[in-house]
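Survey of secondary and tertiary structure
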Amino acid sequence: MTTLLIPQLRRFTTALGLTSLLFALHAAADGPVGEHVNDLEAHLDEYSAEVVQLIDRIDGIVGAYDKGGLQSAKPEAVVEAWESVKFHSAIETHHVPLYASVWQGLVGVRTAIEQEAPIAAVRAEQEKLEQALWQSLGAVKLAARYQKRGLLPAVEATEAATPAETIDIIQRQLDRVVAKYAEQLTAAATGIVHDTYLQRFEGIEGQLIEQDAELVEDLEVDFNVTLPKALQDGAPVDKVRQIVEDMQAKLERAKTLLEEAEQNRADVF
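Residues numbered from 1 in each chain as written. Predicted model: local features only at pLDDT ≥ 70, side-chain atom pairs only at ≥ 80, totals over all residues. Heavy atoms only, no water.

**A look at the overall build of the protein chain**
Worth spelling out the cut-off: In this description a helix means any DSSP run of H or I spanning at least four residues, a strand means any run of E spanning at least two, and both kinds are numbered starting from the N terminus. Think of it in three bands: residues with accessible area under 20% of the maximum for their type are buried, residues over 50% are exposed, and the middle band is partly exposed, with areas taken using a 1.4 Å probe on protein chains only. Contact between two residues is taken to exist if any of their heavy atoms lie within 4.5 Å; hydrogens are not considered. Method for areas: the Shrake-Rupley scheme with a 1.4 Å probe, in which residue coverage is limited to the protein chains shown.
Within the protein chain, the secondary structure is distributed over 11 helices and 0 strands. Mapped in sequence order, the helices and strands of the protein chain form the string α-α-α-α-α-α-α-α-α-α-α. The buried share of the protein chain, taken over its 269 residues, is 47%. For the protein chain, long-range pairs separated by at least 24 residues make up 79% of all intrachain contacts whose partners lie at least 6 apart in sequence. Surface accessibility of the protein chain: about 13,100 Å² in total, with carbon and sulfur atoms responsible for 49%.

Encoded structure:
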């Protein structure tokens, strides 16, 4: 990260009411994220329109829940709406902590609907999500300014390992998360979670969705909500270890699916 950015960004996030954030305005990622992330300024109007459209879609889902209950709401569409917009990768590659906040908001709305919470509780989660989206748009606009001045390096794809090797790397990184947290290095542990998600898991996500979309969504929630929240809340080490072990089991399932898919492709040819 460019050190010149840190004072300005701290003032910016303080104005937004954010505290204790790890700033991540530049990241590498496995696989394509869209060239637009290297030309943010040219796409700011598009990002802004997407945020407005996304908020409207979420409001429509919540409104449907208010009128017709769970069956009318289709809460799974909350996450689908987020993953369909370009802004998704713009904030993901330039401000991972806020990306996690958006995911927490998405899961909050979806879970409240799935659990058939009172509409006031759902609206409260909706408001948190909207705040995270507006904050994220502000962060991307700020990143665009520095990108234009040449203060941010380009987002580049890292050299990807095979899918199975990538899973192994992810699992080792999660073991490091537990170790760092046990050492009371919470910021370091949280940084490993963010980096592993962006630099590794995202690279195999597309292939894995073809095999088990629900498993991918579960792991996205683990990376962006469950595990970071446990770290930030100061959960006992045993609790963090249990979350990681659950993720490891899901990753083993993912590895098996990816290996089987690769074998099937090999058999075809």
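Next comes the rest of the description.
**A few points about the packing of aromatic side chains**
Let me state the cut-off plainly: Two rings from Phe, Tyr or Trp (for Trp, the six-membered ring) form a pair when their centres are within 6.5 Å of each other. A pair whose planes differ by under 30 degrees is stacked, one over 60 is edge-to-face, and the rest are tilted.
Inspection of the entire model under this criterion finds 7 aromatic pairs. When the centroid spacing of 6.3 Å and the interplanar angle of 80 degrees are considered together, the rings of Trp-82 and Phe-87 count as edge-to-face. Judged by relative accessible area, Trp-82 falls into the buried class, the value being 0%. Judged by its relative accessible area of 1%, Phe-87 is buried. In textbook terms, an aromatic cluster arises when at least three aromatic residues are bridged by ring pairs, as seen for Tyr-47, Trp-82, Phe-87, Tyr-99, Tyr-197, Phe-201 and Phe-223.

**A look at helix α6 (residues 96-114)**
Heads up, the rule is: To estimate the expected span of a helix, subtract one from its residue number and multiply by 1.5 Å.
Its 19 residues place the ends of α6 27 Å apart at the C-alpha level, agreeing with the 27 Å of an ideal helix rising 1.5 Å per residue. In terms of residue burial, α6 counts as a mostly covered element, since 15 of its 19 residues are buried. Just past α6, the residue Glu-116 takes up positive phi, approximately 55 degrees.

**Focus on the pattern of salt bridges**
Heads up, the rule is: Salt bridges are counted wherever a side-chain nitrogen of Lys or Arg sits within 4 Å of a carboxyl oxygen of Asp or Glu.
With the rule as written, the count across this model stands at 10 salt bridges. Between Glu-41 and Lys-148 there is a salt bridge, and its shortest N-O distance comes to 3.5 Å. With Glu-41 in the loop between α1 (5-15) and α2 (44-68) and Lys-148 in helix α7 (residues 119-148), the pair connects residues that are 107 residues apart, well separated along the chain. For Lys-148, a relative accessible area of 62% puts it in the exposed group. Between Arg-123 and Asp-59 there is a salt bridge, with the nearest N and O atoms lying 2.9 Å from each other. Within this pair, whereas Arg-123 is found in helix α7, its partner Asp-59 is found in helix α2, the two being separated by 64 residues in sequence. Residue classification places Arg-123 among the partly exposed positions, given a relative accessible area of 31%. You can call Asp-59 partly exposed: its relative accessible area is 35%. The network of salt bridges with shared partners includes Arg-110, Glu-114 and Glu-217.

**Some thoughts on the packing of helix α8 (residues 163-182) against helix α9 (residues 186-211)**
Note the following rule: Only C-alpha atoms enter the line fits that serve as axes; for helices the fit covers just the stretch in contact. Angles between N-to-C directions range over 0 to 180 degrees. Reported orientations rely on four angle classes, namely roughly parallel under 35 degrees, roughly antiparallel over 145, roughly perpendicular from 65 to 115, and oblique for the rest. A crossing counts as left-handed when the near helix is turned anticlockwise from the far one by less than a right angle, and as right-handed when that turn is clockwise.
Taken N-terminus to C-terminus, the directions of α8 and α9 make an angle of 165 degrees; their axes are 9 Å apart at the nearest point. Here α8 is positioned roughly antiparallel relative to α9, judged by the angle of their axes. Note on packing geometry: the crossing formed by α8 with α9 is left-handed. Across from Pro-163, Thr-166, Ile-167, Ile-169, Ile-170, Gln-173, Arg-176, Val-177, Lys-180 and Tyr-181 in α8, the residues of α9 making contact are Thr-186, Ala-188, Ala-189, Ile-192, Val-193, Thr-196, Arg-200, Phe-201, Ile-204 and Gln-207.

**Some words on the confidence of the model for the protein chain**
Low-pLDDT portions of the prediction should not be read for the details of their coordinates. How we decide: Residue-level confidence of the predictor, termed pLDDT, takes values from 0 up to 100.
Mean pLDDT over the protein chain stands at 85; residues scoring 70 or higher make up 84%. Here residues 1-32 is modelled with pLDDT under 50, and outside its nearest four sequence neighbours on either side it reaches 67 contacts, counting other chains as well.

**Regarding the packing of α6 against α9**
The geometry of α6 relative to α9 is characterised by a closest axis approach of 10 Å and an angle of 85 degrees between their N-to-C directions. The pairing of α6 with α9 is recorded here as roughly perpendicular in orientation. Contact residues: Val-96, Pro-97, Tyr-99, Ala-100 and Trp-103 in α6; His-194, Tyr-197 and Leu-198 in α9.

**A look at the nonpolar core**
Put simply, the rule reads: Nonpolar core, defined: a set of buried Ala, Val, Leu, Ile, Met, Phe, Trp, Tyr and Cys residues in which side-chain atoms within 4.5 Å join the residues together.
Counting residues in hydrophobic clusters, the biggest one holds 73 residues, and the most contacted among them are Trp-82, Phe-87, Trp-103, Phe-201 and Leu-227. Ignoring any residue separated from it by four or fewer positions in sequence, one finds Leu-227 in contact with Leu-174, Val-177, Val-193, Asp-222, Val-240, Ile-243, Val-244 and Met-247.

**Focus on the environment of Asp-233**
What counts here: Identification of polar contacts relies on pairs of N or O atoms within 3.5 Å, with a donor-acceptor requirement for protein atoms, meaning one able to donate a hydrogen and the other able to accept it, and with residues adjacent in sequence counted only if both atoms are side-chain atoms.
One can find Asp-233 in the loop between α10 (213-232) and α11 (237-268). Of the residues examined, Asp-233 reaches a relative accessible area of 52% and is grouped as exposed. A polar side-chain atom of Asp-233 sits 2.7 Å from a polar atom in the side chain of Lys-229.

**Comments concerning the environment of Val-240**
With respect to the secondary-structure elements, Val-240 resides in helix α11. For Val-240, a relative accessible area of 0% gives the class buried. When the C-alpha positions of Val-240 and Ala-230 are compared, they lie 6.5 Å apart, and in sequence the two are 10 residues distant. With sequence-adjacent residues up to four places away left out, Val-240 is seen in contact with Val-178, Tyr-181, Leu-227, Ala-230, Leu-231 and Ala-235.

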